[in-house]
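So you can see what is in the structure, the chains are spelled out below.
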Amino acid sequence: MDTSVWLPYVQSYGYVMLFLFLFCGIVGIPAPEESLLFLVGVMVAKEQLLLGPSLASCWGGAMAGMVTAYGAGRWWGAPFVQKYGKCVGITAERWERARRWFGRYGKWGILFGCYAPGVRQICPYMAGVSRFPFGPFLLLSALGTAGWAVPLTAAGLWLGQRIHIPLISFPLAGLALFLLFLLGAWVGQRRRKKSFES
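Residues numbered from 1 in each chain as written. Predicted model: local features only at pLDDT ≥ 70, side-chain atom pairs only at ≥ 80, totals over all residues. Heavy atoms only, no water.

## A word on the overall build of the protein
So, point 1. When helices and strands are counted, the protein shows 9 helices and 0 strands.
So, point 2. Starting at the N terminus and ending at the C terminus, the protein contains elements arranged as α-α-α-α-α-α-α-α-α.
So, point 3. Every one of the 198 residues in the protein was classed for burial, and the buried ones make up 42%.
So, point 4. A fraction of 78% describes how many contacts in the protein between residues 6 or more apart in sequence connect residues 24 or more apart.
So, point 5. As displayed, the protein has an accessible area near 10,800 Å², and 67% of this comes from carbon and sulfur atoms. (Helix = DSSP H or I, 4+ residues; strand = E, 2+ residues; numbered from the N terminus. Buried < 20%, exposed > 50% of the residue type's maximum accessible area, 1.4 Å probe, protein only. Contact = heavy atoms within 4.5 Å. Areas by Shrake-Rupley, 256 points an atom, 1.4 Å probe, with all protein chains shown as cover.)

What follows is the structure, given as C-alpha cells:
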C-alpha cells in the first residue's frame, strides 16, 4: 500500500488508525505493518504522535487481530479458513505449508511469527484450528507482538531523531531494513542447511 494513501489517515485519525491498520494486517487484510511501525517511530520523533499511546495502539491492534484469528480458527475450524482464507491471502498452498510448519514449531511460531509475513497471518488461525491452549497462546502472542512492534518503532524513532528526511520517505527506509532482515534470515538458513548436509 502506497504511503501517500495511508499516511493522511494516520495523521488525521492518529491512534485509532494505528489500531485498525495493525488489526487488519494480522487477520490478513493487506496493511502496511512493518513500514507503519517504522513510520510511527518517525512521527513520534517529529512530535506528531506520543510514544506511549502509539505503542499501546499498535500492540493492541496486533493483539486484537491475533485473538480474532485464533477465535476464527478455533470456532469455525479448518474448513472455514480454507474456504474463506483466500479472501485474506491464505491460499491452499500457504495453508498446507503453515500446517506442517506449525505442527513442527508451534509455540515458537506464535512467539516469533510476527517477523515473517504470511506466517504472521496464518499462525493464529492455525493455533485456533489445532486447539492450542488459549492461555499460553495469549501470553506468547503478547510477547511476540511486543517484540516485533517495539524494535521497529524504536528504529524509526532513533532514525527520525538523527536524520532530517521528509516524512513520506521514511517507510521506504523501514522497508529496506526489513528486506535486510529477510536477507540475513535467508543467508542463515542456507548456512544451516549446508552444515546439516556436510
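## Let's talk about the nonpolar core
So, point 1. With 38 residues, the main nonpolar core has Ile110 and Trp148 as its most contacted residues.
So, point 2. At the level of secondary structure, the elements contributing two or more residues to this core comprise α2 (15-27), α3 (33-45), α4 (51-84), α5 (92-105), α6 (107-112), α7 (119-129) and α8 (134-162).
So, point 3. Each residue touching Trp148, except ones within four places of it in the same chain, is listed here: Leu22, Ile26, Glu33, Glu34, Leu37, Ala62, Cys114, Tyr115 and Arg120. (Core = buried A, V, L, I, M, F, W, Y, C linked by side-chain atoms within 4.5 Å.)

## Side note on the confidence of the model for the protein
So, point 1. Put simply, the protein has an average pLDDT of 78, and 73% of its residues get 70 or more.
So, point 2. Per-element confidence in the protein ranges from a low mean pLDDT of 59 for helix α9 (residues 170-197) to a high of 91 for α8. (pLDDT = per-residue confidence, 0-100.)

## Quick look at unusual backbone geometry
So, point 1. The phi dihedral of Glu47 is positive, around 60 degrees, even though this residue is not glycine.
So, point 2. Within the secondary structure layout, Glu47 lies in the loop between α3 and α4.
So, point 3. Within the chain, Arg131 stands out as a residue other than glycine whose phi angle is a positive 55 degrees.
So, point 4. By the secondary structure assignment, Arg131 is in the loop between α7 and α8.

## Let's talk about a nonpolar patch on the surface
So, point 1. Taken together, the side chains of Trp101, Tyr105, Trp108 and Phe112 make up a nonpolar region of the molecular surface, amounting to roughly 430 Å² of accessible area.
So, point 2. Among the secondary structure elements, those contributing two or more residues to the nonpolar patch are α5 and α6.
So, point 3. Mapped onto the elements of the fold, Phe112 is located in helix α6.
So, point 4. Judged by relative accessible area, Phe112 falls into the partly exposed class, the value being 47%. (Patch = residues over 30% accessible without salt bridge, like charges linked within 9 Å, V, L, I, M, F, W, Y side chains within 5 Å. Salt bridge = Lys/Arg side-chain N within 4 Å of Asp/Glu carboxyl O.)

## Focus: the environment of Ala142
So, point 1. Among the structural elements, Ala142 can be located in helix α8.
So, point 2. Filtering out sequence-adjacent residues up to four positions away, Ala142 remains in contact with Trp59 and Met63.

## Focus on the packing of α2 against α3
Helix-helix packing is described using two parameters, namely the angle between the two axes and the distance between the axes.
So, point 1. Look at α2 against α3: their axes get within 10 Å of each other, and the N-to-C directions meet at 155 degrees. Regarding the angle of α2 to α3, the classification is roughly antiparallel. Our pair here, α2 against α3, has a crossing hand that is left-handed. Residue-level contacts link Leu18, Phe21, Leu22, Gly25 and Ile26 of α2 to Glu33, Leu36, Leu37 and Val40 of α3.
So, point 2. Partitioned by chemical class, the residues of the contact of α2 with α3 number 7 nonpolar, 1 polar and 1 charged. (Axes fitted to C-alpha atoms, helices over the stretch in contact; angles between N-to-C directions. Parallel < 35°, antiparallel > 145°, perpendicular 65-115°, else oblique. Left-handed = near helix turned anticlockwise from the far one by under 90°. Nonpolar A, V, L, I, M, F, W, Y, C, P; charged D, E, K, R; others polar.)

## With respect to the packing of α3 against α8
So, point 1. Orientation of α3 relative to α8, taken along the N-to-C sense of each, is 45 degrees, at an axis distance of 7 Å. Considering the angle they form, α3 stands oblique to α8. Considering the relative orientation of α3 and α8, their crossing is right-handed. For the pair α3 and α8, contact is made by Glu33, Glu34, Leu37, Phe38, Val40, Gly41, Val42, Val44 and Ala45 and by Trp148, Ala149, Leu152, Thr153, Ala155, Gly156, Leu157, Leu159, Gly160 and Gln161, respectively.
So, point 2. Residues of the contact of α3 with α8, tallied by class, amount to 12 nonpolar, 5 polar and 2 charged.

## Section: the side chain of Ser57
So, point 1. The topology assignment puts Ser57 in helix α4.
So, point 2. Ignoring anything within four residues of it in the chain, the contact list for Ser57 reads Tyr15, Leu18 and Phe19.

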